[in-house]
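Reading the structure
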Amino acid sequence: MKWIKNHKLISFLLAVILLSLLFLAGSVAAGGSGNIVTGVFNRIYTAIERPVTAVAGGISDNVSGIFSYQQLQKENEALKEENQKLKEQVTGLTLSANELKELKTLSKVLNFKGISGSGDIVSADVVSMDGANWMNIFTINVGTESGVSPDSIVICGEGLVGKVHSAGKGWAKVISMIDESSRITFKVSGNLKLIGVVEGSSDGTLSGFMLDSNAKVEEGDRLVTSGMGLFPAGIEIGRITKVRYDSDEQLQKVDIKSSVDFKSLQKVAVIL
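Rules behind the numbers
Residues numbered from 1 in each chain as written. Predicted model: local features only at pLDDT ≥ 70, side-chain atom pairs only at ≥ 80, totals over all residues. Heavy atoms only, no water. Helix = DSSP H or I, 4+ residues; strand = E, 2+ residues; numbered from the N terminus. Buried < 20%, exposed > 50% of the residue type's maximum accessible area, 1.4 Å probe, protein only. Areas by Shrake-Rupley, 256 points an atom, 1.4 Å probe, with all protein chains shown as cover. Pairing = 2+ DSSP bridges. Axes fitted to C-alpha atoms, helices over the stretch in contact; angles between N-to-C directions. Salt bridge = Lys/Arg side-chain N within 4 Å of Asp/Glu carboxyl O. Core = buried A, V, L, I, M, F, W, Y, C linked by side-chain atoms within 4.5 Å. Contact = heavy atoms within 4.5 Å.

Further remarks concern the overall build of the protein chain. Within the protein chain, the regular secondary structure consists of 3 helices and 12 strands. Among the 272 residues that make up the protein chain, the fraction classed as buried is 32%. When the accessible surface of the protein chain is split by element, carbon and sulfur atoms take 57% of a total near 16900 Å².

What follows is the structure in structure tokens.
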């Protein structure tokens, strides 16, 4: 009895099987014809068969549900893997677009006059800022191994950046044109006879003066390198934002906005 209590389901199924066998034996003994015994067995069998069928159906549904859940899990994992692959593809396309943008920006340097005959050009990344004010002194990730040397000219797609101060293997320090030690001669793009000098300052701004105090210049005039001295001719410097006459020095002075945004400078090119 203890075994039956501990194994109720098995005992129940054995009872059903036993009754089924008794029903079969009764049917055979009666010659297959209906009698009272057969009717009693039919009623007992039907009463037992219904809950057994219901239990079996419930077990079948549960087993089917388990397999369906496992299938959903597999499909979910497959979708996650596909989603990750798509994310990686999107990231790759984004990087390619950024690289293409940088190449297009650097390709503008070829349009500056005087550069085509100045030798090779090597591109570089800005890796650190060394100056206290803006980007007046910074380091790039190319150096002597690429032919970079002191006084190599540094430019970007927008215009003149500065010159190399010192270089070693895999690095070079650049002094930008906004540094207070920088002095560059320029010409006015619309009238190349008008010449002046632009200087950097400690606060990262540009100012200058015209060699001819009577020079006709105005706000918005575009300034380019003159070709005198270290820098090749035709590289854009910036635009005049203010013109004023200094009666003490008897000079016509100009404030200049650089064409290069030094705050967001990331890629440059070095003329070797």
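There is more to say, and it comes next.
This brings us to the sheet that holds strand β9 (residues 222-225). Strand order in the closed barrel formed by 6 strands is β6-β7-β8-β11-β10-β9, with antiparallel pairing between adjacent strands. For this sheet, the mean inter-axis angle between neighbouring strands, taken without regard to orientation, is 45°. Bridge count for strand β6 (residues 183-188) against strand β7 (residues 191-199) is 6 bridges, and the pairing is antiparallel. Bridged to Thr 185 within β7 is Val 197.

Across all of its chains, the model carries 7 salt bridges by this definition. For Lys 267, the salt bridge goes to Asp 125, with nearest N and O atoms at 2.8 Å. In this pair, Lys 267 is assigned in strand β12 (residues 267-271) and Asp 125 in strand β1 (residues 121-129), connecting sequence segments 142 residues apart. A relative accessible area of 25% means that Lys 267 is categorised as partly exposed. We note a salt bridge from Asp 255 to Arg 244, for which the minimum N-O separation is 2.9 Å. Within this pair, whereas Asp 255 is found in strand β11 (residues 251-258), its partner Arg 244 is found in strand β10 (residues 236-246), the two being separated by 11 residues in sequence. Via salt bridges that share partners, Asp 246, Glu 249 and Lys 253 belong to a single interconnected network.

So, about the sheet that holds β1. With antiparallel pairing, 6 strands are arranged side by side around a closed barrel as β1-β2-β5-β4-β3-β12. When the angles between neighbouring strand axes are averaged without regard to direction, this sheet yields 45°. One ladder, built from 6 bridges, connects strand β4 (residues 159-168) with strand β5 (residues 171-176); its direction is antiparallel. Residue pairing for β5: Gly 162 is matched across the bridge by Ser 176.

As a further point, take unusual backbone geometry. Phi is positive for Asp 151, close to 80°, though the residue is something other than glycine. Mapped onto the elements of the fold, Asp 151 is located in the loop between β2 (137-140) and β3 (153-156). By relative accessible area, which is 41% here, Asp 151 ends up partly exposed.

Within the largest apolar cluster, 42 residues are counted, with the highest numbers of intra-cluster contacts made by Ile 140, Leu 160, Val 161 and Leu 265. Excluding residues that lie within four positions of it along the chain, Leu 160 makes contacts with Ile 153, Val 154, Ile 155, Met 177, Ile 184, Thr 225, Phe 231, Ile 235, Glu 236, Ile 237, Val 260 and Phe 262.

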